[in-house]
Amino acid sequence: AEQLCRLQQRMKKVGVDLQMPPDMIDQLLDSEALILNEGARPIKQVIRKKLEDPLAQAFLVGKYCKGDSIFCEMAQELEIRKITAPSLQKNTVVV
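The present account deals with the structure reproduced in this document. Quick caveat: nothing in here was measured; it's all calculated off a predicted structure.

Observations regarding the overall build of the protein
(1) Moving on: When its secondary structure is counted, the protein shows three helices and four strands.
(2) Moving on: Burial analysis of the protein (95 residues in total) assigns 35% to the buried set.
(3) Moving on: Within the protein, counting contacts between residues at least 6 apart in sequence, those at least 24 apart form 42% of the total.
(4) Moving on: Within the structure as shown, the protein displays about 6,100 Å² of accessible surface, and the carbon and sulfur contribution to it stands at 51%.

In structure tokens form, the structure reads like this:
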């Protein structure tokens, strides 16, 4: 969970409000066969591969920008939804 908090802080520094369900780390790790006593490195790799890299790619192609609020969760694959403030409608992008 600490790694996800750091990611949220980094996103906030660039002006993006990143929201995730409280069990996001479980959602990310459930899809991987990890032995948790292997330490933090495998967990960091999963977070980078399944969350950070797709988020970065979405920003690079202009799907999101400074000032956006986005919500991420894992279903079959990562879903990133842009939250529009006035109506709280969500636009879903599957990466």
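What follows picks up the thread again.
A look at the packing of aromatic side chains
(1) Moving on: Enumeration over the complete set of coordinates arrives at one aromatic pair.
(2) Moving on: Ring centres of phenylalanine 59 and tyrosine 64 lie 5.7 Å apart, and the angle between their planes is 55°; this geometry places the pair in the tilted category.
(3) Moving on: Note on phenylalanine 59: relative accessible area 24%, which makes it partly exposed.
(4) Moving on: Residue classification places tyrosine 64 among the buried residues on the basis of a relative accessible area of 4%.

Focus on helix α1 (residues 2-13)
(1) Moving on: Here α1 is 12 residues long and its end C-alpha atoms lie 17 Å apart, about the 16 Å a rise of 1.5 Å per residue gives.
(2) Moving on: Buried residues of α1: Leu4, Leu7 and Met11, and no others. For α1, the angular spread of the buried residues around the axis is 55°, confining them to a single face. Residues of α1 that are exposed and point over 90 degrees away from its buried face: Glu2, Gln9, Lys12 and Lys13.

Some thoughts on the nonpolar core
Most often, soluble globular proteins have nonpolar side chains that are buried together.
(1) Moving on: If you look at the biggest cluster of nonpolar residues, it comprises 21 residues, and the most contacted ones within it are Met24, Leu51 and Cys72.
(2) Moving on: Broken down by element, this core gets its largest block of residues, five residues, from helix α3 (residues 40-60).
(3) Moving on: Once you skip the residues sitting within four places of it in the chain, cysteine 72 turns out to touch Leu18, Gln19, Met20, Pro21, Met24, Leu51, Leu55, Leu78, Glu79 and Ile80.

Details of the pattern of salt bridges
(1) Moving on: Counted under the stated rule, the structure contains five salt bridges.
(2) Moving on: One salt bridge connects glutamate 52 with arginine 10, and the closest N-O pair in it is separated by 3.1 Å. Placement of the pair is glutamate 52 in helix α3 and arginine 10 in helix α1, with a sequence separation of 42 residues.
(3) Moving on: Where aspartate 68 meets lysine 82, a salt bridge forms, and the shortest distance between an N and an O atom there is 3.5 Å. One end of the pair, aspartate 68, is in the loop between α3 and β2 (69-74); the other, lysine 82, is in strand β3 (residues 78-83), and 14 residues separate them in sequence.

Criteria and thresholds
Residues numbered from 1 in each chain as written. Predicted model: local features only at pLDDT ≥ 70, side-chain atom pairs only at ≥ 80, totals over all residues. Heavy atoms only, no water. Helix = DSSP H or I, 4+ residues; strand = E, 2+ residues; numbered from the N terminus. Buried < 20%, exposed > 50% of the residue type's maximum accessible area, 1.4 Å probe, protein only. Contact = heavy atoms within 4.5 Å. Areas by Shrake-Rupley, 256 points an atom, 1.4 Å probe, with all protein chains shown as cover. Phe/Tyr/Trp six-rings, centres within 6.5 Å; stacked < 30°, edge-to-face > 60°. Expected span 1.5 Å × (residues − 1). Arc of directions from axis to C-beta. Core = buried A, V, L, I, M, F, W, Y, C linked by side-chain atoms within 4.5 Å. Salt bridge = Lys/Arg side-chain N within 4 Å of Asp/Glu carboxyl O.

By themselves these figures say nothing about function.
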